[in-house]
Amino acid sequence: MSSTPVHGSPRVVVIGAGIVGCSLADELTARGWTDVTVLEQGPLPAPGGSTSHAPGLVFRTSPSKTLTAFARYTVEKFGALEADGVPCFLPVGGLELATTPQRLADLHRRAGLAASWGVRGEVVSAARCKELWPLIDESVVLGGFHTPDDGLARALLASRAQLDRATARGARFLDRHTVTGIERRGGHVTGVVTDRGTFPADHVVSAAGFWGPVIGRMAGVDVPLQPLAHQYAKTGPLPGLVGATAEASRPILRFQDRDLYFREHTDRIGIGSYAHRPLPVDPFAVPPYDEARARDLDMPSSLPFTPEDWAPSWEDCRRLIPALRECEIDQGFNGVFSFTPDGMPVLGESRDLRGFWLAEAVWVTHSAGVAKAVAEWMVDGRPSLDVHECELTRFEEAQRSPAYVRERGSQQFVEVYDVVHPLQPMERPRPLRVSPFHARQEQLGACFLEGGGWERPHWYEANAGLATGLDLPERDAWSARYWSPIAAAEARATRERAALYDMTPLRRLEVTGPGALDFLDRMTTNNLRKKPGAVTYTLLLDEAGGILSDLTVARLAPDRFQVGANSPADLDRLLRHAPDDVHVRDITAGTCCVGVWGPLARDLVQPLTPDDFSHGAFGYFRARQTYVGHVPVTAMRLSYVGELGWELYTTADLGLRLWDTLWEAGRELGVVAAGRSAFNSLRLEKGYRAWGVDMTGEHNPFEAGLGFAVRMDKGDFTGRAALENAGEPTRRLTPLLLDDPAAVVLGKEPVYVDGAPAGHVTSASYGYTLGRCVAYAWLPAGLPSGTGVHVEYFGEKVPATVADEPLFDPETTRIRR
């Protein structure tokens, strides 16, 4: 069996005809890629995957701007779709209940997120919750978060409607086709093998849901996804719903304090629970559709209900909705769906097998939005919104082991409805990755948080005495979590003396070869054609001028460069585009780095090295290879905290010796070890951006205040044409100072201009040198310095003022002395 290109359209095979596969076929064909074949092992229109049993609740608000955007598009699209005259979306609204003060506070935070991301919602009283859901016991409720435009997606109907639209444009959907292999040649996918024939393909998309790892193994592509079973039950007819004719009329309901959600099924109630123990499922052991039916299962994704897991939740349900005491559970099942180690989808094209795409770990809530993004990616080369949180390349190698994926995926299930602080680290498996300085950091009482698998000190208890007597504002309970006044002492020590910062988790790439200079200069925005010893801050852009990453490129030799990068996606991107005469490798694991910063940094380092570290001999943004004591190092004169200093790199085996050498020499100078908490405060005072937080692929350099890193007078580079036609920015990354010295915000809060939401905070931290909280926010361009705005923090409008940057040392004299 074969497919013939239609009007030159690339041949696309989508594996899986659930909600994602159907949505993707619709989005691709709408963009002119009409030679689309969707293969499904089960029967259509209900093939038996997660879509077939999905209860359909769509709550759009998420801490992730990207997930919220996916959900907003899903509601918009499904709201306009019908199948057989039946709407595919019921806009009954959403209601999240609080039964504890902590949850009520979190609902105010969620209301702020909704305002930041453009979702209509408000925190309402217990009495209003009762009006919206008359069956609840108002006496146990403190309040709620009402989102009137959320609702119920009829997943199977939405699948059918999109299937019909895609078919009308030329796509075909073939059920009862079990995929048995992925064909490839020369590193590119060429076809999909099934039990009923082979389908040639230029692109293959795995939208197989919890079978994703099975398809991935056929392609030789790792899919870090853990299926888990989740309990869902329906009651018998409920007296309070007698006479109901509509499928649902009340808002979808969350009772997150007990890990429960509810929806109406006419005169019955459906209840889902995340309160039970994690129930991991082996995707390789899930039976195909017919075998599942032979085992008396409704479908492969519907496993037998386990009453013992349900019993505690049933009591919680009856406490919230007393009318449930008058009925029993009529039916229930354990439905299988997908979790990843960080709870986000897995999207994008494999570098190892070009043309093989993933659209996995996607819930109905985000399905149409994900499909649109993947279709744009395939057709246009980039999605129209930032998806870096979802890219399949985002996981470190240490985060891809089956044991890690299973453990973290199971924990994501546990934490679905938990109140999770933005700095809250995972508890297990830790420690996973540690720098060579880890033992010394433990001796200094480091408080470790975690990022990318790395143990990262945020402050050191050894510095507690330095915090005594500091005049710091009292913090609220939320901002005080994962914070210590010791951070202020460490920031002060950096400004007044010097501090050692562990920069080992910073990604380091080595780019070598005869074509290395031409390659990097073409890939990035700044001028890299400088003599060896030069260090350059530059940007990786996409073709539309969006910022994919910011890099620090050190030319160590004519054909050798060390690149300070951000995520595994940077390595992936460079490897995809590197010509044959260029070699790119990640050297992070085999190396380490100490940042030595502060006015006494030269006093510390100069006596330890044979080279001249004076300003005249070793200028800013320069690099050289030298020695610190007995340790060979690559020294780069850079600063991410706004103070004199160097980043000192060496191999991992010599790392501990480097730390000890600096530590011993620094005793008489009052040098301290300092953590990420102080680091973040200092970098914001100086206005240094953090990619992935302050700017992403949705922003161009001129909007982000990084035009200085773009050389339009050099040769061609990726994104140049788009920047030439960009026009004047309509928004800018804007520094704010909170007016109240005691006020603190943390990030993602909405910012109001003239009383209306106008943007959101990206990064924020208390500026200990300035005595004010610093917040950067995306706001309309043209707001002059001194403009008053308000930042909403847990429902309170906090006054702030637009400021000029940099806020600290505007002449940059402290770095260049």
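*Asks:* Teacher, can you tell me more about the nonpolar core here?
*Replies:* Nonpolar side chains in soluble globular proteins tend to end up buried together. Ranked by internal contacts, the top residues of the largest apolar core, which has 48 residues, are Phe 78, Phe 173 and Leu 347. Every element with two or more residues in this core is listed here: strand 1 (12-15), helix 1 (19-30), strand 2 (36-39), helix 3 (65-78), helix 6 (155-168), strand 23 (356-360) and helix 10 (367-380). The leading source of residues in this core is helix 10, at 8 residues. The contacts of Leu 347, once residues within four sequence positions are left out, are Phe 70, Leu 358, Ala 359, Glu 360, Val 362, Val 370, Val 374, Trp 377, Cys 390, Glu 391 and Leu 392.

*Asks:* Is there a simple way to explain the sheet that holds strand 8 (residues 122-124) in this structure?
*Replies:* Hydrogen bonds along the backbone pair up the strands of a sheet, which may run parallel or antiparallel. Spatial ordering of the open sheet is given by 8-9-7-17-18-19-16-21-20, a layout of 9 strands whose pairing is mixed. The open sheet has two edge strands, strand 8 and strand 20 (302-304), and neither has a second partner. Pairs of neighbouring strands in the sheet enclose a mean axial angle of 30 degrees, with direction left out of account. As paired elements, strand 17 (residues 252-255) and strand 18 (residues 260-265) share 3 bridges and run antiparallel to each other. Bridging from a neighbouring strand, Arg 254 pairs with Tyr 261 of strand 18.

*Asks:* Just to check I follow, could you spell out the confidence of the model for the protein for this structure?
*Replies:* Confidence in the prediction of the protein, expressed as mean pLDDT, is 96, and 99% of residues score 70 or more. Predicted confidence is poor over residues 1-7, with pLDDT under 50, and the contacts of this stretch with residues over four places away or in other chains come to 19 contacts.

*Asks:* I would appreciate a short explanation of the packing of aromatic side chains in the present structure.
*Replies:* Aromatic ring pairs are described here by two measures, namely the spacing of the ring centres and the angle between the planes. Taken as a whole, this structure holds 29 aromatic pairs when the rule is applied. An angle of 80 degrees between the planes, with centres 5.6 Å apart, marks the rings of Phe 339 and Trp 363 as edge-to-face. Of this pair, Phe 339 sits in strand 21 (residues 329-339) while Trp 363 is found in the loop between strand 23 and helix 10, placing the two residues 24 residues apart along the sequence. An aromatic cluster is present here, built from Tyr 232, Tyr 261, Tyr 274, Phe 333, Phe 337, Phe 339, Trp 363, Phe 413 and Tyr 417 joined pairwise through their rings. For the cation-ring pair, Arg 495 lies above Phe 808, with the distance from its terminal atom to the ring centre recorded as 3.8 Å. The ring of Phe 618 carries Arg 624 above its face, with NZ or CZ at 4.5 Å from the centroid.

*Asks:* I tried to follow the environment of Glu 349 on my own but got confused; where do I start?
*Replies:* The topology assignment puts Glu 349 in strand 22 (residues 346-349). For the pair formed by Glu 349 and Val 205, sequence separation is 144 residues and the distance between their alpha carbons is 8.6 Å. The contacts of Glu 349, once residues within four sequence positions are left out, are Arg 354, Gly 355, Phe 356, Trp 357, Leu 392 and Arg 576. Within polar-contact distance, the side chain of Glu 349 engages the backbone nitrogen of Gly 355 at 2.6 Å.

*Asks:* Sorry if this is basic, but what is going on with the sheet that holds strand 22 here?
*Replies:* The strand order 11-2-1-15-23-22 describes an open sheet built from 6 strands, whose pairing is mixed. Two strands in the sheet have a free side with no partner beyond their single neighbour: strand 11 (172-174) and strand 22. Each strand axis lies, on average, 20 degrees off the axis of its neighbour in the sheet, ignoring direction. As paired strands, strand 1 and strand 15 (residues 203-206) are joined by 4 bridges and run parallel to one another. Bridging across to strand 15, Val 13 finds its partner in Val 204.

The rules behind each value
- Residues numbered from 1 in each chain as written.
- Predicted model: local features only at pLDDT ≥ 70, side-chain atom pairs only at ≥ 80, totals over all residues.
- Heavy atoms only, no water.
- Core = buried A, V, L, I, M, F, W, Y, C linked by side-chain atoms within 4.5 Å.
- Buried < 20%, exposed > 50% of the residue type's maximum accessible area, 1.4 Å probe, protein only.
- Helix = DSSP H or I, 4+ residues; strand = E, 2+ residues; numbered from the N terminus.
- Contact = heavy atoms within 4.5 Å.
- Pairing = 2+ DSSP bridges.
- Axes fitted to C-alpha atoms, helices over the stretch in contact; angles between N-to-C directions.
- pLDDT = per-residue confidence, 0-100.
- Phe/Tyr/Trp six-rings, centres within 6.5 Å; stacked < 30°, edge-to-face > 60°.
- Lys NZ or Arg CZ within 6 Å of the ring centre and 35° of its normal.
- Polar contact = N/O pair within 3.5 Å; in protein donor to acceptor, adjacent residues only side chain to side chain.

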